[in-house]
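Overview (structure and organization)
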Amino acid sequence: MMEAAFYTLGCKLNQCESEALASSFKSRGFFITKASEKADIYVVNTCTVTTKAEQKARRMIRKFARENKDAVIFVTGCYAQLNAEVLSGLAENVFVVPLVLKHTIMDLPEFILEKTLSGMSLTEAARYFIDGRTQIIHEEDRFKFIGSTHTVHTRAYLKIQDGCNNNCAYCRVRIARGKSVSLRLDEVIERALDLEAEGYREIVLTGVNISDYRDPDHPEKRLPALIRSLTCSLKTAGIRLSSLEPDMIDEDLAEAVMHPSVAPHFHIPVQSGSDTVLEKIHRHYKADRVRNAVELLKGAKDDPFIAADIIVGLPYEADDDFEASCSLLQDCGFSQIHIFPYSPRPGTELYTVPLHVPERVTKERAGRMHDLAASLYKTYVKRWMGREVSVILEKESSTTAPVFWTGLSENYLHMRVHGVPGASEARGRVVRAVITAVDNGIDADFVEFV
Ligand code: SF4
């Protein structure tokens with residue numbers, strides 16, 4: 001039996017696509033092994049959001065190639081789309097599949113089996129696969145990522161959208177992934193019902209910018225309409241949304257997410273709290289629009305978990321601009337802040353802007369932002385002390401007695417759940433639990449299975 005390993009960097013969409021690729025290998029009889037172990041085939045799904053993500057990809061590709069000379073390493077993803085030559089030059093046994101052809105890897109296991117059974121070596125088969133691929137790409141190809149190995153996640157990812165029509169001045173993703181496209185609404189419903197039938201209790205809607213969702217058959221049907229169709233169709237599975245653009249959070253969306261099967265967890269890429277900086281980096285909103293969006297979501301759910309992305313050290317960011325970011329995040333009472341020190345990206349408008357914030361200042365600002373993030377998170381978690389939440393159980397702690405389960409609550413709190421009755425087949429099940437402690441991580445006591 002041949003072994004395949006997957007190494008994925010970046011966003012939920014990349015995770016979703018890797019999960020589908022892995023399931024295609026698994027369904028053809030390949031054993032899915034960890035990337036830290038030996039394998040015949042490695043698939044590296046790269047990211048181009050930061051320089052660090054690219055450095056990590058190169059490092060891991062070299063490691064796989066050096067430690068497994070007989071293996072073949074397929075490299076795909078956003079970085080591979082924009083810098084294929086750099087990556088294919090890393091080692092002899094590295095084969096680059098640009099992002100636009102990533103879907104063809106769904107057919108790779110079958111191809112490899114057929115060619116190696118006919119006497120070809122793995123490397124020859126890999127070369128043959130790369131040279132023989134069609135260059136004709138259809139829009140629907142970008143949604144060929146179906147399937148799950150059930151090995152990695154207890155929640156299912158569902159890709160509903162790809163690409164982006166915005167032109168944020170720091171962003172390389174839109175260059176790699178191209179214009180926004182969406183999966184037909186009927187198809188989304190069908191795939192969600194399949195995942196529910198497979199036993200998934202939660203479906204995470206992913207894309208590059210799901211706020212851009214638009215049913216190709218009925219363009220007037222946007223994300224709120226899709227959410228309503230899903231909450232109407234699904235019986236046992238809930239849905240969780242990935243990032244929402246602030247300027248796309250309006251009354252209609254707030255009304256749609258009120259439905260109890262939509263998780264009270266939202267993620268907003270705010271990026272800056274300064275109207276001056278927001279305008280210069282081509283974000284389509286001002287700080288007050290973010291305040292309004294957060295108010296709408298807080299009005300739609302009972303104390304939802306709202307996370308924000310913030311970039312510190314952007315060109316143009318003066319001290320006042322940074323202070324504006326801090327006060328916006330504080331005013332909105334975000335539950336979590338993802339902090340990104342600005343990373344100049346080749347090919348983006350900001351890359352050539354001379355006005356760079358000194359690294360020392362960026363580090364200081366990131367440090368202050370971390371302190372703010374820690375205090376906001378603590379404030380949020382403290383509010384949930386003694387309250388009951390729904391939790392999807394993920395992993396049983398086999399090394400401690402009494403045993404507990406780790407899990408993720410509907411409002412995105414990672415916690416230890418104690419006192420879950422029955423043996424170890426509770427993975428992926430939904431339980432009610434009461435939060436009993438929040439000082440050293442979060443502890444909760446089991447109440448009942450849902
Ligand atoms: S919204 Fe902006 S940052 Fe996000 S993918 Fe589109 S262009 Fe990039």
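Remember, it's a predicted structure, so these values are computed and weren't measured experimentally.

**Let's talk about the overall build of the protein chain**
Within the protein chain, the regular secondary structure consists of 14 helices and 18 strands. Scaling as 2.2 N^0.38, a compact globule of 450 residues should have a C-alpha radius of gyration of about 22 Å, and the protein chain matches this with 23 Å. The principal-axis extents of the C-alpha atoms in the protein chain amount to approximately 65 × 60 × 50 Å. With 450 residues in all, the protein chain has 54% of them scored as buried. Residue pairs at least 24 apart in sequence account for 72% of intrachain contacts in the protein chain once pairs closer than 6 positions are excluded. Accessible surface, the protein chain as shown: approximately 19800 Å² in total, 53% of it carbon and sulfur. Charge centroids of the protein chain, computed over 55 positive and 62 negative side chains, lie 4 Å from each other.

**With respect to helix α6 (residues 122-131)**
One turn of the α-helix equals 3.6 residues, which is why residues spaced by three or four share an orientation. Those residues of α6 lying buried are L122, A125, A126, F129 and I130. The buried residues of α6 occupy an angular sector of 135 degrees when the element is viewed end-on, so they sit on one face. Elements in contact with the buried residues of α6: β3 (41-46), β4 (72-77), β5 (94-96) and α5 (108-117).

**What to know about the state of the cysteines**
Disulfides are covalent bonds that link the sulfur atoms of two cysteine residues. All told, the structure shown has zero disulfides when counted by the stated rule. With no disulfide of its own, C16 lies closest to C11 among cysteine sulfurs, the gap being 9.4 Å. Between C332, a cysteine without a disulfide, and C326, which holds the nearest cysteine sulfur, the sulfur-to-sulfur distance is 13 Å.

**Let's talk about the sheet that holds strand β17 (residues 430-437)**
Taken in spatial order, the five strands close into a barrel running β14-β15-β16-β18-β17, and their pairing is mixed. Put simply, the sheet's adjacent strands are angled 55 degrees from each other on average, direction ignored. Judged from the five bridges that link them, strand β15 (residues 404-409) and strand β16 (residues 414-418) form a sheet pairing that is antiparallel. Paired with G407 across the two strands is M415, which belongs to β16.

**As for the domain arrangement of the protein chain**
Accessible area lost upon the coming together of the parts serves often as the stated size of an interface. Domain boundaries assigned for the protein chain yield domain 1 (3-137), domain 2 (140-383) and domain 3 (388-449). The centre of domain 2, based on its C-alpha atoms, is set 27 Å off from the matching centre of domain 3. Contact with domain 2, which involves 18 residues of that partner, is made by 14 residues of domain 3. Note on domain 2 versus domain 3: buried area summed over both sides is about 1300 Å², and carbon and sulfur give 61% of it. Looking at the side of domain 2 facing domain 3, the largest losses of area belong to T154, R201 and V381, adding up to 37% of the total buried there. If you look at where domain 2 meets domain 3, you find one salt bridge. Across the contact surface, domain 2 and domain 3 share four residue pairs in polar contact (both at pLDDT 80 or more). A total of four residues in the side of domain 2 that touches domain 3 trace back to one element, the largest contributor, which is helix α14 (residues 359-383).

**Notes on the packing of α5 against α6**
The N-to-C vectors of α5 and α6 enclose an angle of 130 degrees; their axes lie 9 Å apart at closest approach. Classified by the angle their axes make, α5 and α6 are oblique. Every pair of crossing elements has a handedness; the one defined by α5 and α6 is right-handed. Here L108, F111, I112, K115 and T116 of α5 lie close against α6, whose contacting residues are L122, A125, A126, Y128 and F129. Its residues assigned to classes, the contact of α5 with α6 comprises eight nonpolar, one polar and one charged.

**Focus: the sheet that holds strand β2 (residues 31-33)**
To summarise the sheet geometry, strands pair through backbone hydrogen bonds and adopt either a parallel or an antiparallel arrangement. Pairing within the open sheet is parallel, and its five strands lie in the order β2-β1-β3-β4-β5. Among the strands making up the open sheet, the edge pair consists of β2 and β5. The sheet shows a mean angle of 25 degrees between the axes of neighbouring strands, direction not considered. Pairing analysis gives five bridges linking strand β1 (residues 3-8) to β3, with the strands arranged parallel. Paired with A5 across the strands is Y42, a residue of β3. Contacts between α6 and the sheet are confined to β3, β4 and β5, with β4 contributing the most and set at about 30 degrees to the helix.

**Thoughts on unusual backbone geometry**
Even without being a glycine, D303 presents a positive backbone phi close to 50 degrees. In this fold, D303 is placed in the loop between α12 (287-300) and β12 (305-312). The exposure class of D303 is buried, given its relative accessible area of 18%.

**Topic: the environment of D141**
With respect to the helices and strands, the residue D141 is situated in the loop between α6 and β6 (156-159). According to the relative accessible area criterion, D141 is buried, its value standing at 6%. Sequence spacing of D141 and D217 is 76 residues, and the spatial spacing of their C-alpha atoms is 17 Å.

**Observations regarding the packing of aromatic side chains**
For the coordinates displayed, the defined rule picks out 12 aromatic pairs. Their ring planes at 15 degrees and their centres at 4.5 Å tell us that Y42 and F64 sit as a pair that is stacked. With Y42 in strand β3 and F64 in helix α2 (residues 51-67), this pair connects stretches of sequence that are 22 residues apart. By relative accessible area, Y42 is classed as buried at 2%. On the basis of relative accessibility, which here comes to 2%, the residue F64 falls in the buried class. Following the ring pairs from residue to residue traces out a cluster consisting of F74, F95, F111, Y128 and F129. Geometry around W384 places R387 over its ring, the cationic atom sitting 3.9 Å from the centre. Above the plane of the ring of F449 lies R429, whose end atom (NZ or CZ) is 4.0 Å from the centre.

Rules and cut-offs
Residues numbered from 1 in each chain as written. Predicted model: local features only at pLDDT ≥ 70, side-chain atom pairs only at ≥ 80, totals over all residues. Heavy atoms only, no water. Helix = DSSP H or I, 4+ residues; strand = E, 2+ residues; numbered from the N terminus. Rg over C-alpha atoms; globule rule 2.2 N^0.38 Å. Buried < 20%, exposed > 50% of the residue type's maximum accessible area, 1.4 Å probe, protein only. Contact = heavy atoms within 4.5 Å. Areas by Shrake-Rupley, 256 points an atom, 1.4 Å probe, with all protein chains shown as cover. Lys, Arg positive; Asp, Glu negative; His and termini not counted. Charge placed at Lys NZ, Arg CZ, Asp CG, Glu CD. Arc of directions from axis to C-beta. Disulfide = S-S within 2.5 Å. Pairing = 2+ DSSP bridges. Axes fitted to C-alpha atoms, helices over the stretch in contact; angles between N-to-C directions. Domains from an automatic or database assignment. Buried area = accessible area lost by both parts, 1.4 Å probe. Salt bridge = Lys/Arg side-chain N within 4 Å of Asp/Glu carboxyl O. Polar contact = N/O pair within 3.5 Å; in protein donor to acceptor, adjacent residues only side chain to side chain. Parallel < 35°, antiparallel > 145°, perpendicular 65-115°, else oblique. Left-handed = near helix turned anticlockwise from the far one by under 90°. Nonpolar A, V, L, I, M, F, W, Y, C, P; charged D, E, K, R; others polar. Phe/Tyr/Trp six-rings, centres within 6.5 Å; stacked < 30°, edge-to-face > 60°. Lys NZ or Arg CZ within 6 Å of the ring centre and 35° of its normal.

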